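Fold and geometry: a report
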Amino acid sequence: MLDLKYVCENLDAVKKALSNRSGKTDLDEIAVLAQKRRDILKEVEKDKAARNSATGDIAKLKAEKKDASALIAEMKALGDKIKVLDEELNAVEADLKLKILSVPNIPSSGVPVGRDETGNVEVRRVGKPAEFKFAPKAHWDLGESLNIFDWPRAAKISGARFTVYKGFGARLERAIMNFMLDTHIFKNGYTEIFPPFMVNRDSMTGTGQLPKFEEDAFAVKNNGFFLVPTAEVPVTNLHRDEVLALSDLPVKYCAYTACFRAEAGSAGRDTRGLIRQHQFNKVELVKFARPENSYDELESLTADAESILKALGLPFRTVALCTGDMGFSSAKTYDIEVWMPSYNRYVEISSCSNFEDFQARRMNIKFRDEDGKTRLVHTLNGSGLAVGRTTAAIIENFQNADGTVTVPDALRTYMGAGMIK
RNA sequence: GGAAAGUUGGCCGAGUGGUUGAAGGCGCCAGUCUUGAAAACUGGAUUAGUGAAAGCUAACUGGGGUUCGAAUCCCUAACUUUCCGCCA
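The numbers attached to residues start from 1 for each chain and follow its sequence in the written order. Both sets of labels track the order of writing: A upward for chains, 1 upward for ligands. Residue-level local features of this predicted model are given only where pLDDT is at least 70; pairs of side-chain atoms are given and counted only at 80 or more, and the full residue set underlies all totals for whole chains, interfaces and linings. In computing side-chain values, all of the structure's heavy atoms are included and hydrogens and water are not.

1. Here's the deal with the environment of Gly206
The line we're drawing: A helix here means a DSSP run of H or I that spans at least four residues, while a strand means a run of E at least two residues long, and both kinds are numbered starting from the N terminus. Categorising residues by exposure relies on relative accessible area from a 1.4 Å probe, with only protein chains included: less than 20% of the type maximum marks a residue as buried, more than 50% marks it as exposed, and the intermediate range marks it as partly exposed. Contacts were defined at the residue level, with two residues in contact if any of their heavy atoms lie within 4.5 Å.
As for its position among the elements, Gly206 is in helix 8 (residues 201–207). Owing to a relative accessible area of 3%, Gly206 belongs among the buried residues under this scheme. Along the chain, Gly206 and Leu301 lie 95 residues apart, while their C-alpha atoms are 21 Å from each other. Gly206 has contacts with Asn237, Gln359, Arg362 and Met363, leaving out every residue within four places of it along the chain.

2. Section: the packing of helix 2 (residues 11–18) against helix 3 (residues 27–63)
Definition in use: Helix axes use the C-alpha atoms of the stretch in contact, all axes being lines fitted to C-alpha atoms, and the angles between their N-to-C directions lie in the range 0 to 180 degrees. In this scheme, roughly parallel covers angles under 35 degrees and roughly antiparallel covers those over 145, while 65 to 115 is roughly perpendicular and the rest are oblique. Should the near helix be turned anticlockwise from the far one by less than a right angle, the crossing is termed left-handed; should it be turned clockwise, right-handed. Amino acids outside the nonpolar list (Ala, Val, Leu, Ile, Met, Phe, Trp, Tyr, Cys, Pro) and the charged list (Asp, Glu, Lys, Arg) are all regarded as polar, and Gly is one of them.
Contact pair helix 2 / helix 3: the axes reach a minimum separation of 10 Å and the direction vectors enclose 150°. What the angle tells us is that helix 2 and helix 3 run roughly antiparallel. Crossing angle aside, the handedness with which helix 2 passes helix 3 is right-handed. Between helix 2, through Leu11, Val14, Lys15 and Leu18, and helix 3, the contact on the second element is made entirely by Leu27, Asp28 and Ala31. Counted by class, the contact of helix 2 with helix 3 contains 5 nonpolar, no polar and 2 charged residues.

3. Structural notes on the sheet that holds strand 4 (residues 191–193)
Spelled out, the test is: Criterion used throughout: strands pair if DSSP finds at least two bridges between them.
Within the open sheet, the 8 strands sit side by side as 1-10-11-12-15-9-8-4. Their pairing is mixed. Strands at the two margins of the open sheet, each flanked by one partner only, are strand 1 (121–126) and strand 4. Geometrically, the sheet is characterised by an average inter-axis angle of 25° between neighbouring strands, direction not taken into account. Where strand 9 (residues 279–289) and strand 15 (residues 378–386) come together, 7 bridges link them in antiparallel fashion. The residue bridging Leu285 from the neighbouring strand is Gly382, located in strand 15. Against the sheet, helix 7 (residues 168–187) touches strand 4, strand 8 (251–260), strand 9 and strand 15, its axis set at about 10° to strand 9. Each of strand 1, strand 9, strand 10 (316–320), strand 11 (332–340), strand 12 (345–354) and strand 15 is contacted by helix 10 (residues 294–312), which is oriented at about 10° to strand 15, the strand it contacts most.

4. A short note on helix 4 (residues 69–101)
Quick reminder of the rule: By this rule the span expected of a helix is its residue count minus one, scaled by 1.5 Å.
With 33 residues, helix 4 extends 46 Å between its outermost C-alpha atoms, agreeing within 8% with the 48 Å of an ideal straight helix rising 1.5 Å per residue. Residues Met75, Leu78, Gly79, Ile82, Leu85, Leu89, Val92, Leu96, Ile100 and Leu101 constitute the buried set of helix 4. Looking at the buried residues of helix 4, the elements they touch are helix 1 (4–9), helix 3, helix 8 and helix 11 (358–363).

5. Regarding the protein's contact with RNA strand B
Basically, it comes down to this: For this description, a residue counts as near a given molecule or strand if any of its non-hydrogen atoms is within 4 Å of it. Polar contact is defined as a pair of N or O atoms within 3.5 Å, subject to the rule that within protein one atom must be able to donate a hydrogen and the other to accept it, and that residues adjacent in sequence are counted only when both atoms are side-chain atoms.
Neighbouring RNA strand B are 18 residues, the closest being Arg37, Arg38, Asn52, Ile58 and Lys366. Here a phosphate oxygen of RNA strand B sits 3.5 Å away from a polar atom, N or O, in the side chain of Arg51. The separation between a sugar or linking oxygen of RNA strand B and a polar main-chain atom of Ile72 is 3.4 Å. Breaking the surface near RNA strand B down by element, the ones donating at least two residues are helix 3 and helix 4. The dominant element in the surface near RNA strand B, judged by the number of residues it contributes, is helix 3, at 12 residues. Tallied by class, residues from the surface near RNA strand B come to 6 nonpolar, 2 polar and 10 charged.

6. Here we look at the packing of helix 7 against helix 12 (residues 387–397)
Two elements in contact, helix 7 and helix 12, have axes whose closest approach is 9 Å; the angle formed by their N-to-C orientations is 115°. On the basis of the axis angle, helix 7 is roughly perpendicular to helix 12. Crossing geometry of helix 7 relative to helix 12 is assigned as right-handed. Every residue of helix 12 that contacts helix 7 at Leu172, Glu173, Ile176, Met177 and Met180 is listed here: Val387, Gly388, Thr390, Thr391, Ile394 and Ile395. Of the residues in the contact of helix 7 with helix 12, the class split is 7 nonpolar, 3 polar and 1 charged.

7. Describing the nonpolar core
How we decide: By nonpolar core is meant a set of buried Ala, Val, Leu, Ile, Met, Phe, Trp, Tyr and Cys residues that side-chain atoms within 4.5 Å join together.
Of all hydrophobic cores here, the largest spans 55 residues; its most connected members are Leu172, Leu309, Leu314, Met340, Ile394, Leu411 and Ile420. Per-element tally for this core: the top contributor is helix 7, with 7 residues. Residues in contact with Met340, not counting those within four places in the same chain, are Ile275, Arg345, Val347, Arg389, Ala392, Ala393 and Glu396.

8. Comments concerning the side chain of Thr163
Looking at the element boundaries, Thr163 is found in the loop between helix 6 (151–157) and strand 3 (164–165). Here Trp151 takes part through its side chain, which lies 2.6 Å from a polar atom of the side chain of Thr163. A distance of 2.6 Å separates polar atoms of two side chains, one belonging to Thr163 and the other to Gln277. Filtering out sequence-adjacent residues up to four positions away, Thr163 remains in contact with Phe149, Trp151, Ala154, Leu274 and Gln277.

This is the structure we're talking about:
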């Protein structure tokens, strides 16, 4: 959420900054509502001040055993007026809140301007795609011949966009998860969190999934909870309504969760294999940083995510997303894309973002600076990495002519095997 | 799922419907004292909204109600604790 005061005072600048983002937002409407709110507020506060002072007088009169009935009658009338104004105010504020919560973040100044993914800028490329001396297969075909994924039965027990992992498939997925977590815990200095997979509405609003993107989430019918679309939601919300100590910053968490996404609007896309699922595994990195360092922290967080691909020997590239391709809450995002032979292109495997104070303002997460003042923290997160897509990338990139897959060295102790056959 | 009790400031904890933004204690910050520290003493300190400012308004888990006036009474939701039931 943007600072309402800032938006009202810099209306044109904010409009211009958001003009390169996808989607439309009506800032004029917000400015009008904000003015209306101030007008009502002034009047109702004036009335309340009058009532408060009269209330003191009534108490005095009663203490002196004098008649207060005239004043009480007067205050009753004023109370009715206040009630009407309060209701009006609440309605305006609710409307205003909904609208300001639906305004995307302002892109950071260095972010490339563009309308869609064609405007993204590659910042580095690591490793070279293998040149196969045979026709490489897609992971869904290899998965079938190796008997490690079972999509027909997944469809039977659940439906489309679910996967049953079996044997080496299940072991590979689990080995990758553990390898990622251990790397981030022991080498990169993150504290592991294992959060709930269901969260309440406030948490989803805090990180920006709600109110605008409710259709993308799975809601639980019984209790109104949501299945987490990413560990970002529970982990960032850990510190909602808290003031962090300066000495604790940056706070660095990593977390494995299953992630659940409705994938509304992506019918027909990536229908085969592990790439786009209603349920997938992900190890997430989350940071809380002081504003002065948050862009350095974004660089190191991105490097931490990349370190997994390097250790596995998977070729990848990192791109800076342009204004039109960035997510709603982000001020700057790097996508890390792994080479996927079946797609014959790089495919997103991680998205690392600095949200600046956009999420912190929604969640009221602050820190106390050297002067003892509380200020909003900056929040960051990135996949470290998407596990299912890593599984797919390993199977495809390290496949052999005979249909077997060579397990990367880094995973062998986790797998208890060097070859999938 | 049933029953009961509870939720007050960074923490503990008082609070008969009428100067209670909230006693007291602990902790915190500054000062005095001290070679330095501790102790003691003195003073200070919530957050948000609004306003040029003085100030005003709001906040005692959230929401609603009663009242001229609610931390205090009523309803409701969430959470916590205990007992019962069920259960990995």
